[in-house]
Amino acid sequence: MFNFDYNYKIRHSLRKNKVEKHFKRPFLETLTIFAKTTLLKVSQRLLLPFIFLLSFWTPKVALAQQQFEPNKLSTDPFVIDGRLNEPEWEQAVPVSILHEIAPGNNTPAKVKTNGYIVYTATHLFIGFHAFTEPNTIRASIRPRDDFSLWSDDLVMVRLDTYADSRNNFLMVVNPLGSQFDVRSVNAIKEEDRYDISFNMDFETAGQIVSDGYQVEIKIPFSSLPFPNGKNQKWHFNLFRKYFDLGNEIELSSQTFDRDNSCEVCQTTDVLILSDITIEKRFELLPYVSGNVSGQKSALGEPMAYSKFNPNAGLGINLDLNKTSTLELTLNPDFSQVEADVTQIDINSSYALEYPERRPFFNRGTDIVDFTDGAFYSRSVNNPLISSKLISQGKKSRVYFLMAVDQNSPYLLAGEDRSYFGEAGQSFVNVFRYQHLLSNTTRMGIISTNRFYEKGGYGNLVGTDGRFILSKNWQFNYELFVNTNLEPTAGWIDSDDLILDKTAALDGEILNGGAYYLQLFHNTEHWQSALLFSSKSPHYQSNVGFVVKNNRRWTSLTQQYQNFANKKGLQFFSIGYKADLQHTPQGEFKTLSLDGIFQIRTYLNTSFSYTYDWDIKKDYLDRLYTNLGMHQINIRSTPAEYLTVFSVINIGKDIAYNAEVPDVGKQINFFIQPSIQLNNNFGVVPSIRYAQLRNENDNTFYYKGYIGRFTLRYQFTNFLSVRLISEYDHFNERFFTQPLIQWNPNPATVFYVGGNQKSLEEWNAMSLSPFRFDQTQFFLKFQYLIGL
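Every value quoted in this text rests on a predicted model; they were computed, and no experiment measured them.

A.B. asks: Hey, could you run me through the pattern of salt bridges in this one?
C.D. replies: Where charged atoms from two side chains of opposite charge approach closely, those side chains can pair. Throughout the structure, instances matching the rule amount to 31 salt bridges. Between Asp416 and Arg551 there is a salt bridge, and its shortest N-O distance comes to 3.3 Å. With Asp416 in the loop between β22 (409–413) and β23 (418–422) and Arg551 in strand β34 (residues 551–562), this residue pair connects regions lying 135 residues apart in the sequence. A residue is classified by how much of its surface remains accessible, and Asp416, at 8% relative accessible area, is buried. Taking relative accessible area as the criterion, Arg551 reaches 6% and is therefore assigned buried.

Below, the structure written as structure tokens:
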């Protein structure tokens, strides 16, 4: 598992001559190796001609449109307080939200919702008046981008500022003005469609009134990417969610076509903006921070504290023009206020992936998002300096990242397990170009390089494309090839072999490749997906997250779904997923068949059941048969104050990390109730439990849990106090983190808090792990300055 330490100090300086030496290796050598691989030979003969023909395919997909041309105000008269009482709102163009899109299928909305749009030269203003009985409204004061907001009533605006379906920007607001922003993209899997790490600067306020609630949204044009030019033609729609007898009801200003495989393509109402001011941003983001650490010399001894450790750095954000932005960060502080939720990895033979939370890397992530994991921003762990150029034109997008990483992770993929080491300092660059041939066709290339100060490098190049063949059909592909020179270093301690190479780092050259082909079909009642993919034995991505290779997958998924729109049954689906895996050498790996059932029912409850049946599975050259696993997922929001999420897995699994892997009986579960005691105060306890019992002697390969408890008091949408406590039974380690945080916009933040934890090596000398053996107090002030 990656151990990312964002406060790690400089231990080595960059040896310039070594970096220059690595650059002397010709870039075309990577392409030459690619040309020699079977992957390219096959793709030249079969795949590339097919892709070339697809690039000229431009299907006609008819979507309903209305055009809105709001009035432009000469001044900004608005006080954003959540009340639509300024007379200027009377000049706004009205947008009615008339359609129920879930659970109803474009049926007339049962409640009234009015939207309003007006603008000045520099800002877009959107107002909502949602009519309902005030005592039926669900709302609490939430921190920015808090998932619990989705348990509230809310309104949302979708903006497609390029009017080409490359993405949608979603601004979500609840009745008390709490906000959430998301970037939505065209993706096959639901979990891949929404990028919640995306942040933009906009102002919101909301108030509950006698006949419902009102919301005001103020969006600076400077915070949105869009084409150059004072006259703009965007696509948009407005959305509302409310609850009726505990069930979610979704409304939209546009109809929604359930047959359409592309969700972002259905944001098509036209918004005309004339003579706006193009402001070039020049922003400075300085910060100061510091911490004091302490540790006991022995159990029972007082805490010995170090000296105060100050730090400072600077971020620069410069608009070269409206479509191109240059970012530079010097000595960035990438410490995370929101600690990662600990995952149980005791029975995982591969490294675990954690989400990106750092603002510098979050911007532009949709440009470098791949199914393969060819790029993973958290692989740039602790940069001393980093720069990034993002350019988004009407027909192309460019992403160029460079960084000097002081504490580089080294992740090596294998057939049945991955290997991790700490590689010290490295130089990283990522170049991505994507060309938008039309609203339905886009293709791109990527190149990533990493050069290690202590020797070795990793190069990867690839191409990808997405083709909307018709309203119902999509085709996607990704092709990659890599060439790596291992360092001669002791970062990985293993005697394992990866085919004909050692896992230990001994200066070997690794050449590999991968491809992914996906075909997706969608109608109102049927969804089908066919996947072919392959990773060669030595495929690696040193700036990505690739944990397994030497595999070829064939996967078929099909699902029947029915939007029943009944009080006790809003939705149900039944389907299957079949997987066949083998190695490129023809050796069998896995044959599995999953049965999947889902329903949405009373009390806003979603239930899904999957029977995951591994008919045959090869692990470390041993064949296992008839491994069945019952998987149950439940999510329910029966009342405004309560949301419950739970996952239960019961069945048979392999003890992957045992000295002699064998089959055991597994019970895993995760339960997390979120309790909102009032509009300001929330409590979130959770427990993750896992056990695997030997079927022969009833001993346990492992048995334990991780308990977590979070308290949060939200004074306003921007100011909160929070306490997290966590006990890891597997390691007998206790952790707690109090924090006071002020966060008025995505970039400006002030916080003061601390981390206290026990040391597991002292557990044998203490009756209780609930103690503090090590502590750290920290503070940070970061402020966005616009020039």
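A.B. asks: Explain the pairing of strand β13 (residues 232–244) here, please?
C.D. replies: Moving residue by residue along a regular strand, the side chains alternate between the two faces of the sheet. Burial runs high along β13: 11 of the 13 residues are buried. Bridge count for strand β7 (residues 154–160) against β13 is seven bridges, and the pairing is antiparallel. Paired with Asp160 across the bridge in β13 is His235. Taken together, the five bridges between β13 and strand β15 (residues 269–273) define a ladder with antiparallel strand orientation. Paired with Phe236 across the strands is Asp269, a residue of β15. Sheet topology places β13 next to strand β14 (residues 247–252); six bridges connect them, and they run antiparallel. Pairing of Lys241 across the sheet is with Glu250, part of β14. Counting the residues in the hairpin turn of β13 and β14 gives two residues, including Leu245, whose phi is positive at 55°.

A.B. asks: Could you clarify how one ought to interpret the side chain of Ser646 in this entry?
C.D. replies: Within the element layout of this structure, Ser646 appears in strand β39 (residues 642–654). Among residues more than four places away in sequence, those in contact with Ser646 are Ile632, Asn633, Ile634, Phe670 and Ile671.

A.B. asks: Sorry if this is basic, but what is going on with the confidence of the model for the chain here?
C.D. replies: Interpretation of this model should avoid reading the predicted coordinates in detail wherever pLDDT is low. Mean pLDDT over the chain works out to 88, with 89% of the residues at or above the 70 mark. Ignoring residues within four places in sequence, the model shows residues 1–46, a span with pLDDT below 50, making 84 contacts including any to other chains.

A.B. asks: What is the right way to look at the packing of aromatic side chains in this model?
C.D. replies: Each aromatic ring pair is characterised by the separation of its centres together with the angle its planes make. Under the defined criterion, the tally for this structure stands at 36 aromatic pairs. Between Phe78 and Trp89 the ring centres are 4.8 Å apart and the planes differ by 50°, which places this aromatic pair in the tilted class. With a gap of 11 residues between them, Phe78 in the loop between β1 (67–68) and β2 (93–96) and Trp89 in the loop between β1 and β2 connect regions that are remote in the sequence. Taking relative accessible area as the criterion, Phe78 reaches 8% and is therefore assigned buried.

A.B. asks: Would you explain the state of the cysteines in this entry?
C.D. replies: Here, the word disulfide means a covalent bond between the sulfur atoms of two cysteines. As enumerated under the stated definition, the model contains one disulfide in all. Each sulfur of the disulfide joining Cys262 and Cys265 lies 2.0 Å from the other. The sign of the S-S torsion, about 75°, decides the handedness of the disulfide formed by Cys262 and Cys265: right-handed. In this structure, Cys262 and Cys265 share a single accessibility class: buried.

Reading guide: rules and limits
- Residues numbered from 1 in each chain as written.
- Predicted model: local features only at pLDDT ≥ 70, side-chain atom pairs only at ≥ 80, totals over all residues.
- Heavy atoms only, no water.
- Salt bridge = Lys/Arg side-chain N within 4 Å of Asp/Glu carboxyl O.
- Helix = DSSP H or I, 4+ residues; strand = E, 2+ residues; numbered from the N terminus.
- Buried < 20%, exposed > 50% of the residue type's maximum accessible area, 1.4 Å probe, protein only.
- Pairing = 2+ DSSP bridges.
- Contact = heavy atoms within 4.5 Å.
- pLDDT = per-residue confidence, 0-100.
- Phe/Tyr/Trp six-rings, centres within 6.5 Å; stacked < 30°, edge-to-face > 60°.
- Disulfide = S-S within 2.5 Å.

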